[in-house]
Protein chains: 4
Amino acid sequence: MSEKISPYSRTVYFYETDKMGVVHHANYIRIMEEARMDFMKKIAVPYPSIEQMGIVVPVTKVDCSYLQPLYFDERILVYVNLKMFNGVRAVYSYEIYAEPDRLCARAESSHCFIKEETNMPVHMKRAFPDMYEQVIKLVKE
Amino acid sequence: MSEKISPYSRTVYFYETDKMGVVHHANYIRIMEEARMDFMKKIAVPYPSIEQMGIVVPVTKVDCSYLQPLYFDERILVYVNLKMFNGVRAVYSYEIYAEPDRLCARAESSHCFIKEETNMPVHMKRAFPDMYEQVIKLVKE
Amino acid sequence: MSEKISPYSRTVYFYETDKMGVVHHANYIRIMEEARMDFMKKIAVPYPSIEQMGIVVPVTKVDCSYLQPLYFDERILVYVNLKMFNGVRAVYSYEIYAEPDRLCARAESSHCFIKEETNMPVHMKRAFPDMYEQVIKLVKE
Amino acid sequence: MSEKISPYSRTVYFYETDKMGVVHHANYIRIMEEARMDFMKKIAVPYPSIEQMGIVVPVTKVDCSYLQPLYFDERILVYVNLKMFNGVRAVYSYEIYAEPDRLCARAESSHCFIKEETNMPVHMKRAFPDMYEQVIKLVKE
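Residues numbered from 1 in each chain as written. Chains lettered and ligands numbered in written order. Predicted model: local features only at pLDDT ≥ 70, side-chain atom pairs only at ≥ 80, totals over all residues. Heavy atoms only, no water.

Regarding the overall build of chain A
Thinking step 1. If you tally the helices and strands in chain A, you get four helices and eight strands.
Thinking step 2. Starting at the N terminus, the α and β elements of chain A follow one another as β-α-α-β-β-β-β-β-β-β-α-α.
Thinking step 3. At 16 Å, chain A has a C-alpha radius of gyration in line with the 14 Å of a compact globule built from 141 residues.
Thinking step 4. Its C-alpha atoms put chain A at 50 × 30 × 20 Å along the principal axes.
Thinking step 5. Within chain A, the proportion of its 141 residues that are buried is 59%.
Thinking step 6. Of the contacts formed within chain A by residues at least 6 apart in sequence, a portion of 64% connects residues at least 24 apart.
Thinking step 7. In the structure as shown, chain A presents an accessible area of about 6200 Å², 51% of it carried by carbon and sulfur atoms.
Thinking step 8. In chain A, 18 positive and 19 negative side-chain charges are present, and the distance between their average locations comes to 5 Å. (Helix = DSSP H or I, 4+ residues; strand = E, 2+ residues; numbered from the N terminus. Rg over C-alpha atoms; globule rule 2.2 N^0.38 Å. Buried < 20%, exposed > 50% of the residue type's maximum accessible area, 1.4 Å probe, protein only. Contact = heavy atoms within 4.5 Å. Areas by Shrake-Rupley, 256 points an atom, 1.4 Å probe, with all protein chains shown as cover. Lys, Arg positive; Asp, Glu negative; His and termini not counted. Charge placed at Lys NZ, Arg CZ, Asp CG, Glu CD.)

Topic: the relation of the copies chain B and chain A
Relating the two copies of this chain is a rotation about some axis coupled with a shift parallel to it.
Thinking step 1. It takes a turn of 180 degrees to lay chain B on chain A, together with a shift of 0.0 Å along the axis; the resulting RMSD is 0.0 Å. Such values leave the two copies arranged in the relation of a two-fold axis. Relative to the rotation axis, the closest C-alpha in chain B is found at Asp 18 of chain B, a distance of 1.9 Å.
Thinking step 2. Looking at chain B, 100% of its interface residues are interface residues in chain A too, so the copies touch through the same face. (Least-squares fit on C-alpha atoms with pLDDT ≥ 70 in both.)

Observations regarding the interface of chain A and chain D
Thinking step 1. With 23 residues of chain A at the interface, the matching set in chain D holds 23 residues.
Thinking step 2. The junction of chain A with chain D conceals about 1900 Å² of combined surface from both sides, 54% of it contributed by carbon and sulfur atoms.
Thinking step 3. At the junction of chain A and chain D, the tally comes to two salt bridges.
Thinking step 4. A salt bridge links Lys 19 of chain D to Glu 51 of chain A; the nearest nitrogen and oxygen atoms lie 2.5 Å apart.
Thinking step 5. Every element with two or more residues in the side of chain A that touches chain D is listed here: helix H1 (25–42), helix H2 (47–52) and strand E3 (59–66) of chain A.
Thinking step 6. Considering only residue class, the side of chain A that touches chain D consists of 11 nonpolar, five polar and seven charged.
Thinking step 7. In this structure, E3 of chain A lies alongside strand E3 (residues 59–66) of chain D, joined through five bridges in antiparallel fashion. Following the sheet pairing, Asp 63 of chain A is matched in E3 of chain D by Asp 63 of chain D. (Buried area = accessible area lost by both parts, 1.4 Å probe. Salt bridge = Lys/Arg side-chain N within 4 Å of Asp/Glu carboxyl O. Nonpolar A, V, L, I, M, F, W, Y, C, P; charged D, E, K, R; others polar. Pairing = 2+ DSSP bridges.)

Some words on the sheet that holds strand E8 (residues 120–121) of chain A
Residue and element names in this part refer to chain A.
Thinking step 1. Here we have three strands laid out as an open sheet, ordered E2-E7-E8, and antiparallel in their pairing. Across the chains shown, the open sheet's two edge strands, defined by having one partner strand only, are strand E2 (55–56) and E8.
Thinking step 2. By the bridge criterion, two bridges tie E2 to strand E7 (residues 114–115) in an arrangement that is antiparallel. Directly across from Ile 55, in E7, lies its bridge partner Lys 115.

A closer look at the relation of the copies chain A and chain D
Thinking step 1. With an axial shift of 0.0 Å and an RMSD of 0.0 Å, the rotation relating chain A to chain D amounts to 180 degrees.
Thinking step 2. Taken as a fraction of all interface residues of chain A, those also at the interface in chain D reach 100%, which identifies the copy contact as same-surface.

Some words on the interface of chain B and chain A
Thinking step 1. Listed per partner, the contact involves 10 residues of chain B and 10 residues of chain A.
Thinking step 2. For the interface between chain B and chain A, the tally reads zero salt bridges.
Thinking step 3. Run the count over chain B and chain A and you get four residue pairs in polar contact (both at pLDDT 80 or more).
Thinking step 4. Broken down by class, the residue content of the side of chain B that touches chain A amounts to four nonpolar, three polar and three charged. (Polar contact = N/O pair within 3.5 Å; in protein donor to acceptor, adjacent residues only side chain to side chain.)

Considerations on helix H4 (residues 129–140) of chain C
Residues and elements named next belong to chain C.
Thinking step 1. Between its first and last C-alpha, H4 extends 16 Å over 12 residues, near the 16 Å set by a 1.5 Å rise per residue.
Thinking step 2. Within the sequence span of H4, burial applies to Met 131, Tyr 132, Val 135, Ile 136 and Leu 138. Summarising the axial view, the buried residues of H4 lie within an arc of 160 degrees, below the 170-degree limit, and thus occupy one face. Residues of H4 that are exposed and point more than 90 degrees away from the buried face comprise Asp 130, Lys 137 and Lys 140. (Expected span 1.5 Å × (residues − 1). Arc of directions from axis to C-beta.)

Brief notes about the pattern of salt bridges
Residue and element names in this part refer to chain B.
Thinking step 1. Under the counting rule described, the total for this entry stands at 32 salt bridges over all chains.
Thinking step 2. The residue Glu 34 makes a salt bridge to Arg 10 at a minimum N-O spacing of 2.7 Å. With a gap of 24 residues between them, Glu 34 in helix H1 (residues 25–42) and Arg 10 in strand E1 (residues 8–11) connect regions that are remote in the sequence.
Thinking step 3. For Lys 42, the salt bridge identified is with Asp 38, shortest N-O distance 2.6 Å. With Lys 42 and Asp 38 both in helix H1, this residue pair falls four residues apart, about one helical turn.

Focus on the pairing of strand E4 (residues 75–85) of chain C
All names here are of chain C.
Thinking step 1. Judged from the four bridges that link them, strand E1 (residues 8–11) and E4 form a sheet pairing that is antiparallel. Looking at the pairing, Ser 9 lines up with Leu 77 of E4.
Thinking step 2. Judged from the nine bridges that link them, E4 and strand E5 (residues 89–98) form a sheet pairing that is antiparallel. Across the sheet, the residue bridging to Met 84 is Val 91, located in E5.
Thinking step 3. The hairpin turn running from E4 into E5, its antiparallel successor, is three residues long, and Gly 87 in that turn takes a positive phi close to 90 degrees.

These results come straight from atomic positions and should not be treated as a statement about function.
Here it is, written out as structure tokens:
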């Protein structure tokens, strides 16, 4: 699926570097979030519209393998893939490149769906069948 | 007044540095917030108890003059002073030192008081006279 | 001059918000840096090329007035102006808007020029006359 | 071993929260770094002294499972354990609690040792046998 979705791209900011002269490892987790939000827009399920439905999608797990450093002012490309979605959980995978093709990190994030009002898990298939079908279709492709 | 309140102190974190090898200038604004929250506890007006009253205290202005760099693992001392308080606005001043006595920054932050529910300014003297008197007394000392 | 330089623009990231539901005030200082770096590229004096000359340009002062909150996923526009430049110091001013025209903050940052090797101030007019003339011309326009 | 080393502890800062009202997940990675630096001091191998030997210890992998949210002003306790060390790689594990005993996250970070000058891996056993023995002893205990 990810082949059809264009990667997220932006420049490395100065304040993202640390005294080693490279992007601090914690900032990759933030870049993943940016790329995920961008991906959700591109598949027509923008996060703000999920919020408006009273749903929040917290991160339950994150992992990142750092392969190469990222430097200030480099262009980042993040290829995002929705690896798993079953209406209760979602797993995204990420490949973070320095443009054009230096692979810098491989990562994954897991998420659940929570009804904000009750703070209880929500089953997207039952609660929001249209959105569920829309996303399931993408995962199957 | 500040002479009676002990300074806020902690170590500089690695992730606060940037590629110049020193604490990034934006992080001073965060350190000011930490020191302000610590100060509010020390004068017995902790921010969480203000939040519980339905009040938020946003920053309306901030300025910071950077005199000397701060380095990783240095001990920071922040002397906070409540420079002005009239129940509608509050102004804090800060002196940020590297232990024991290298002055690294002088800063100020201005704040207003907002009722969270209505998003309207609140006059602390009228709405919370006890807390108002408690703080006014400190400023006068 | 700023009228000729297009504003810096990007979307507010989720991780830039705080528990008040708006962009945390310290992040404006970071957004200013992003906008300044973008501006320097647009006037053909990119910061990485200054670094390659062995010069660093630390922030000596920053101030920011917060007028309106910025919300997650809003489009930011930052209009940057090089207010003052004399080869020893530079002052930038910033207007931060939520698209299209809600003014959220007014800010300024002051900078000096330091030779990295010696950690001493450098006079750009003497050390790098071509770059100096290039920038001076822009300020005068 | 971790039982003998006191946990790292500090208060959650306001700026660490996001619009969900809890500590943003990327900040756990930073808290892990703080706790790891604190741990290294406690086992008498402070990171600054490693830096002075010309060695840097980048993160090669990080993972974090989020079990419970952390809230503003809560007291964090981080129990760190040096799970593996062989002179070429080191793996730390972390348990992040909200005081006194609410387990909020379980995490791990992997690291290698790089000679800063050459940017090449360094074998601590050969290059710094005393430090190697000092750390190996701790892992075995």
